Amino acid sequence: MDTDAFAAVHEPEWRRLEELTGQRRLTGPEADELVRLYQTTAGHLSTLRSSAPDPHLVSRLSVLLGQARGRVAGTHELRLSDVVRFFAVSVPAAFYRVRWWTVVVATLWIALGAVVAVHTARTPEAMAQLGTPTQLERYARDAFAAYYNNYPAPDFAAQVWTNNAWIAAQCIGLGITGVFPLYVLYQNAVGVGQTAAIMDVYGDLDVFFALILPHGLMELTAVFVAGGTGLKLFWTLVAPGRRTRGYALAQEGRSLVTVAVGLVVVLGVSGLVEGFVTGSFLPTWAELTIGALVLGAYWTYTLVPGRRAVRAGETGDLEQDLAGHTLAQAG
């Protein structure tokens, strides 16, 4: 296709669409003309994308159609029902779709952490790299537990929430690289494994689990979800399936944002547990029970309404009227 000739032929229609889109008021005939030109231009864009994808022209028509669509369909006002549907349908569906990625990441992370812990505890040279015996003993006896009590519970919960949400956002946002999530998960597993080794060598492994598990069950699961979601986006780039790579990335990218928003809430709950439950006056069994209940609530939320939503066709993506039209493509 000769894109210059194609543009020359249809330029008057595009200019007219641009003119109508920019008018503050439209008569009945003008509104009908706007709709007709919008549909026609959408067809032009589809033709260009499938036959002669000129980047400049495609970008111009995409912007024009986006502006025209606002006039044709109107703006979407956020309603309470949208928020309810988002958290009742979209978020659990998005979590459900990455459940196996989450499980695989969790399994590999636990295995790596265990290997690091055993190796470090049994290898004096590896232990020596972490500090002197005096420093390590002080850490095991005092510093580790003091971390959970050095700040007022509300401040500590907010700090933990912010830090973990930032880590999760990076895993998701940079997941398309395929490297960053793996790096973050590796560093995290090694750090936890080395801490466990120190606590074990100095006879405080029970303290380690008593302080890590109440909040860590949910906190680490959220990190696994974030890492798995980022890696899923990378895999979409590598193997988009029957979808075009651009469409697949757009769809998965929007679902990824849904996961990110859901994790903000999940990590908020985890932060509250860490701030108000971990290291509190409660007996260890009660702290562990609370942590297990929180984790159970997450998986129930993911597997029950999530499975139901996915079977109904939900993906965690935006609804079609908000995500934009899918234009026909050749092939």
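A brief look at the structure comes next. Keep in mind the model is a prediction, meaning the values are calculated, not measured. (Residues numbered from 1 in each chain as written. Predicted model: local features only at pLDDT ≥ 70, side-chain atom pairs only at ≥ 80, totals over all residues. Heavy atoms only, no water.)

This part covers the overall build of the protein chain. Helices and strands together make up the secondary structure of the protein chain, namely 13 helices and 0 strands. When the helices and strands of the protein chain are read in sequence order from the N terminus, they spell out α-α-α-α-α-α-α-α-α-α-α-α-α. Computed over its C-alpha atoms, the radius of gyration of the protein chain comes to 26 Å, more than 25% above the 20 Å expected for a compact globule of 331 residues. Based on the C-alpha atoms only, the size of the protein chain along its principal axes is roughly 80 × 40 × 35 Å. Counting all 331 residues of the protein chain, 40% fall into the buried class. Placing the 24 positive and 27 negative side-chain charges of the protein chain at their respective mean positions leaves the two points 7 Å apart. (Helix = DSSP H or I, 4+ residues; strand = E, 2+ residues; numbered from the N terminus. Rg over C-alpha atoms; globule rule 2.2 N^0.38 Å. Buried < 20%, exposed > 50% of the residue type's maximum accessible area, 1.4 Å probe, protein only. Lys, Arg positive; Asp, Glu negative; His and termini not counted. Charge placed at Lys NZ, Arg CZ, Asp CG, Glu CD.)

Below, the discussion takes up the packing of aromatic side chains. As enumerated under the stated definition, the model contains 9 aromatic pairs in all. By the ring-pair criterion, three or more aromatic residues cluster together here, those being Phe 95, Tyr 298, Trp 299 and Tyr 301. In this arrangement the basic side chain of Arg 99 is found over the ring face of Tyr 96, its NZ or CZ atom lying 3.8 Å from the centre. (Phe/Tyr/Trp six-rings, centres within 6.5 Å; stacked < 30°, edge-to-face > 60°. Lys NZ or Arg CZ within 6 Å of the ring centre and 35° of its normal.)

Look at helix α7 (residues 133-146): 19 Å from first C-alpha to last across 14 residues, which is about the 20 Å you get at 1.5 Å a residue. For α7, the principal kink sits at Tyr 139 and spans about 50°. Where α7 is concerned, the buried positions are Leu 136, Ala 140 and Phe 144. Along its buried surface, α7 packs onto α6 (124-128), α9 (180-201) and α10 (205-238). (Expected span 1.5 Å × (residues − 1). Bend = angle between axes of the 7 residues up to and from the residue. Contact = heavy atoms within 4.5 Å.)

Our focus in this paragraph is the nonpolar core. Phe 95, Val 225, Val 259, Leu 263 and Val 266 are the most contacted members of the largest nonpolar core, which has 23 residues in total. Those elements giving two or more residues to this core turn out to be α4 (80-97), α8 (153-173), α10, α11 (245-276) and α12 (284-311). Examining the composition of this core, we find that 6 residues originate from one element, α11, more than from any other. Setting aside residues no more than four positions away along its own chain, Val 266 makes contact with Phe 95, Met 218, Ala 222 and Tyr 298. Membership of the second largest hydrophobic core comes to 17 residues, among which are Phe 6, Leu 17, Leu 48 and Leu 57. (Core = buried A, V, L, I, M, F, W, Y, C linked by side-chain atoms within 4.5 Å.)

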